[in-house]
Amino acid sequence: MSVVFSVITITYNAAPVLQRTLDSVAAQNYAHVEHLIIDGNSHDGTLALFQHYQENNSRAGVIHEVNAISEPDKGIYDAMNKALAMATGDYIVFLNAGDVFHSPDVLTRIAAAAGGMPAVIYGNTDIVDGEGRFVRHRRLAPPRRLTWHSFLHGMLVCHQAFFARCDIARTTPYNLRYRFSADYDLLRREAKAEGNISTCLRSA
């Protein structure tokens, strides 16, 4: 049985940076992908971009399911919680507007690491410039084995490189009381939810 990924992109007036994210997801050579785009009622060209993307989501014979909504929300973490409720995949990853996967085979490699269905699969993150050129590796890097105790040392892994099993992710939604650190809180709680955690380096 093939692993299904729910890739989630949160947008709000993101027209200048959204296309590279859409292109990155479309370029993935893994077929079992649900791409959810959750927009906060944008009033620039964002909607036109993802509507065009929905109509033309076949690249090199790989067709991904694309679903999008646009409506007012209470901020990025509220939008992320909407996505958690909508996701139907086995694993969920947030690749927000402007973010890109490291290479077209990222999801293929993550799927290969998903044997036994660990709670979390995670990896490293690189910093790139506005043209997508490599700048440097992110200063904080995840350890070989990630536990919730690891987060005592800071945000060691970014959500772009953190693949959580959907059944666990839905039980640990973002806490809207944390305006600036809800992602840190959620990743820590997901890492604590189950001890069976796998590593896949350079996953994003």
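Let me begin by describing the structure that accompanies this report. Being a predicted model, the structure only gives us computed values, none of them experimental. (Residues numbered from 1 in each chain as written. Predicted model: local features only at pLDDT ≥ 70, side-chain atom pairs only at ≥ 80, totals over all residues. Heavy atoms only, no water.)

## Section: the nonpolar core
And step 1. Counting residues in each nonpolar core, the largest one holds 25 residues, and the members touching the most others are Phe5, Val7, Phe101, Leu107 and Phe163.
And step 2. Of all the secondary-structure elements, those providing two or more residues to this core are strand 1 (5-11), helix 1 (15-26), strand 2 (33-39), helix 2 (46-55), strand 6 (91-94) and helix 4 (106-112).
And step 3. Residues Ala83, Ile92, Phe94 and Ala169 belong to the second largest nonpolar core, which totals 22 residues. (Core = buried A, V, L, I, M, F, W, Y, C linked by side-chain atoms within 4.5 Å. Buried < 20%, exposed > 50% of the residue type's maximum accessible area, 1.4 Å probe, protein only. Helix = DSSP H or I, 4+ residues; strand = E, 2+ residues; numbered from the N terminus.)

## Some thoughts on helix 2
And step 1. Every buried residue of helix 2 is accounted for by Thr46, Phe50 and Tyr53. Projected down its long axis, helix 2 carries its buried residues within an arc of 50°, all on one side. What points out from helix 2, more than 90 degrees from its buried face, is the exposed set Ala48 and Glu55. (Arc of directions from axis to C-beta.)

## Looking at the pattern of salt bridges
Pairing between side chains becomes possible if they bear opposite charge and their charged atoms approach one another.
And step 1. Within this structure, the stated rule accounts for 2 salt bridges.
And step 2. A salt bridge links Lys82 to Glu71; the nearest nitrogen and oxygen atoms lie 2.8 Å apart. Here the residue Lys82 occupies a position in helix 3 (residues 76-86), and Glu71 occupies one in the loop between strand 5 (65-70) and helix 3, the gap between them amounting to 11 residues.
And step 3. We note a salt bridge from Asp167 to Arg165, for which the minimum N-O separation is 2.9 Å.
And step 4. For Asp167, a relative accessible area of 41% translates into the label partly exposed.
And step 5. On the basis of relative accessible area, Arg165 is assigned to the buried category, the value being 13%. (Salt bridge = Lys/Arg side-chain N within 4 Å of Asp/Glu carboxyl O.)

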